[in-house]
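If you want the building blocks of each chain, they are given just below.
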Amino acid sequence: MSDVKRISHHINGAYWTGSAERSGDVYNPATGKVTGKVDFASVAVVDQAIEIATRAQAEWRNASLAKRVQVLFAFREILNARKEEVARLITAEHGKVLSDALGEVTRGLEVVEFACGIPHLLKGSYSEGASTSIDVYSIRQPLGVSAIISPFNFPAMVPMWFFPIAIAAGNAVIIKPSEKDPSPVNLIAEFWKEAGLPDGVFNVVHGDKVAVDRLLEHPGIASISFVGSTPIARYIYETGTKNGKRVQALGGAKNHMLVLPDADLDLAADAAVNAGFGSAGERCMAISALVAVEPVADALVKKISDRMATLKTGDGTQGSDMGPLVTAVHRDKVASYVDAGVREGAALVVDGRNPKINGAAEGFWLGPTLFDRVTPEMSIYKDEIFGPVLSVIRVQSYDEGLALINKHQYGNGTAIFTNDGGAARRFQNEVQVGMIGINVPIPVPTAYYSFGGWKNSLFGDTHAHGTEGVHFFTRGKVVTSRWLDPSHGGINLGFPQNR
Ligand code: NAD
């Protein structure tokens, strides 16, 4: 058992050395072997982290913007220099191929770079002489201790959507990463320490519902940023707001790609394969429903299946295109959707069950799968599958395709493929989805815009990062000030009016 590492909390700048009452197995999905045991935090451990974070935040909020930015720049340099190490940990516990893992870290790095501009982002406004001798100005201040609860599929990037901005704005954070791939955030905690962030400002507690529920109810937590499946996101939003916290809870997705008859079909086929099977479909922005406006479906399905035949499924460290799924349970769940699609009458064009693998047979494998002639009543269309399963739905017109997308319970991302600027412009106006790609299959906004979906893909008012992120992690004050003028004075019980 000596090659099974212990993964523990990182609190107050150091690894926790207590003994955990409960723990979870961490796997290498490419070998199926247990490689780690992650401690699950008890209520007492979460309370301890909150107490430490509260104390650290009381000082950190008073660190000058210049000081905070120095730490952020130092963190950015360390993360950039050591991003391959983070990527290797992601591949080892999540399974995605190394290049994809590196891409995830790089997108997180962009949020760190955005947060380095915090002095500009926190600037308030000032009105001189709003009333006679009275000036009015606004400032934004940190909230306190922010909790971040993240999913398995982006173990580094999703926490980085939040913590750089939270910390830059003067908050302390407690992160509860997914128990399936907990190591990358621990390494990031070490980077913060090296960058000079005061102990206690960045804390990691590992665990499950026990830890999450404590974060949701503890009065010392000011805000919750959650990303995960829709049922849990709804629960987090309802419970967190009931307990008086500011909550943003990003949920699941079913992202549609609408291909119009005038589209470049080779571009569309490349995009569908990249966005459908990258990271084995375990992306909240994966394309899982391709809506083909006739007469293009036959040609498109052929181009997609030809490309799928070239994909190599295997160990992410061995130059494969697509890695394993995260756990055996999840692989089996996704495979059961393939069975359901066959049962419900969809045409199985490429069957990913029993794939040829470049790697250990015991890994959590499922090959890329393509269904054609999928209809809206089928479970493979209605549900988020979160695996390498792409469904083609044939429609007769743009309007029929648009109606389908707008009727779906999820509204995270969508894409249109067309050479008609007018159609694309109409789509961006009419579609009820938060993030839209025009001839771009995975329209993840750059860090200075904000990430978030509509409908059951997001609960709360504020999207992640960008200026909405700055707004989320701060609250406003308005100051009305008078510096005495010789003409002041006199008692007046009336409501103050600007004169
Ligand atoms: P999940 O909902 O199972 O877990 C997310 C987090 O919640 C984890 O930290 C987990 O430990 C915790 N959790 C799980 N069950 C809980 C419970 N009963 N009570 C309290 N906490 C609980 O999600 P996942 O499987 O890790 O991630 C995949 C999901 O995340 C997909 O649905 C995907 O679409 C979604 N996701 C969404 C976005 C987005 O931006 N909208 C981004 C990434 C992932």
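Residue positions are given per chain, counted from 1 along the sequence in the order it is written. pLDDT decides what is reported in this predicted model: residues at 70 or higher carry local features, side-chain atom pairs at 80 or more are listed and counted, and totals for whole chains, interfaces and linings draw on all residues regardless. Where side-chain values are given, they derive from all heavy atoms of the structure, hydrogens and water being excluded.

**Q** Any details on the nonpolar core? Residues and values, ideally.
**A** The biggest cluster of nonpolar side chains holds 88 residues, and the ones touching the most others in it are Trp161, Phe163, Trp192 and Phe202. Going along the chain from the N terminus, every DSSP run of H or I of four or more residues is numbered as a helix, and every run of E of two or more is numbered as a strand. If one sorts the elements of this core by residue count, helix H6 (residues 157–168) sits on top with 10 residues. For the domain bounds, the source is a domain assignment made automatically or taken from a database. Both domain 1 (5–251 + 457–478) and domain 2 (255–438) contribute no fewer than three residues apiece to this core. Residue contacts follow a heavy-atom distance rule, with two residues in contact if any of their heavy atoms lie within 4.5 Å. The contact partners of Trp161, leaving out residues within four places of it in the chain, are Val111, Val227, Leu250, Phe451, Ala464 and His465. As used in this record, nonpolar core signifies buried Ala, Val, Leu, Ile, Met, Phe, Trp, Tyr and Cys residues forming a set joined through side-chain atoms within 4.5 Å. Only protein chains enter the accessibility calculation, which uses a 1.4 Å probe; a residue is then buried when its area is under 20% of its type maximum, exposed when over 50%, and partly exposed in between. Judged by nonpolar contacts, the second largest core, of 58 residues, contains Ala289, Ala297, Val334 and Leu402.

**Q** Residue-level account of the site of the ligand, with values.
**A** Taken together, 26 residues are adjacent to the ligand, and Lys176, Glu179, Ser229, Gly251 and Glu384 come closest. Between N or O atoms, a polar contact is any pair within 3.5 Å; within protein, one atom must be a potential hydrogen donor and the other a potential acceptor, and residues adjacent in sequence are included only when both atoms are from side chains. Contact between the ligand and Ser150: an oxygen atom at 2.8 Å from a main-chain N or O atom of the residue. Relative to its unbound accessible area of 850 Å², the ligand is 88% covered by the protein chains. Of the pockets mapped on this structure, the ligand occupies the largest pocket. At the level of elements, helix H8 (209–217) and strand E11 (223–227) are the ones that each hand at least two residues to the shell around the ligand. Charged means Asp, Glu, Lys or Arg here, nonpolar means Ala, Val, Leu, Ile, Met, Phe, Trp, Tyr, Cys or Pro, and polar covers whatever is left, Gly included. In the shell around the ligand, the residues fall into 14 nonpolar, eight polar and four charged. Structurally, the shell around the ligand is a two-domain feature, drawing no fewer than three residues from each of domain 1 (5–251 + 457–478) and domain 2 (255–438). Here a residue is considered near a molecule or strand provided that any single heavy atom belonging to it is located within 4 Å of it. Exposure was quantified through the Shrake-Rupley algorithm and a 1.4 Å probe, taking into account, for residues, occlusion by the shown protein chains and nothing else. A 1.4 Å probe that fits but cannot get out identifies a cavity on a 1 Å grid over protein atoms alone, an open set with protein on both sides within 12 Å along at least five of seven lines counts as a pocket, and a residue lines either if it has an atom within 4 Å of a point. More than half of a molecule's atoms lying within 2 Å of a cavity's or pocket's grid points is what places that molecule inside it.

**Q** So, the sheet that holds strand E7 (residues 134–142): which residues are in play, and what are the values?
**A** For two strands to be treated as a pair, DSSP must find at least two bridges joining them. With antiparallel pairing, three strands are arranged side by side in an open sheet as E6-E7-E23. Strands at the two margins of the open sheet, each flanked by one partner only, are strand E6 (126–131) and strand E23 (474–482). Here the average twist between neighbouring strands, direction ignored, is 30°. For E6 and E7, the ladder comprises three bridges, and the chain directions are antiparallel. Paired with Ser131 across the two strands is Ile134, which belongs to E7. Every axis corresponds to a line fitted to the C-alpha atoms, with the helix fit spanning only the stretch in contact, and the corresponding angles, defined between N-to-C directions, vary from 0 to 180 degrees.

**Q** For the layout of surface pockets, give the residues involved together with the corresponding values.
**A** The volume enclosed by the largest pocket comes to roughly 930 Å³. Together, 42 residues line the largest pocket, and Phe152, Lys180, Gly228, Ser229 and Ile232 are the ones closest to its centre. Elements with a minimum of two residues in the lining of the largest pocket: H8, E11, helix H9 (230–242) and helix H12 (328–343). Per element, the largest residue contribution to the lining of the largest pocket is five residues, and it comes from H9. Its residues assigned to classes, the lining of the largest pocket shows 20 nonpolar, 12 polar and 10 charged. Mapping the lining of the largest pocket onto the domain boundaries places at least three of its residues in each of domain 1 (5–251 + 457–478) and domain 2 (255–438). Grid points are joined across faces, edges and corners, and a volume is the space filled by probe spheres set on the points.

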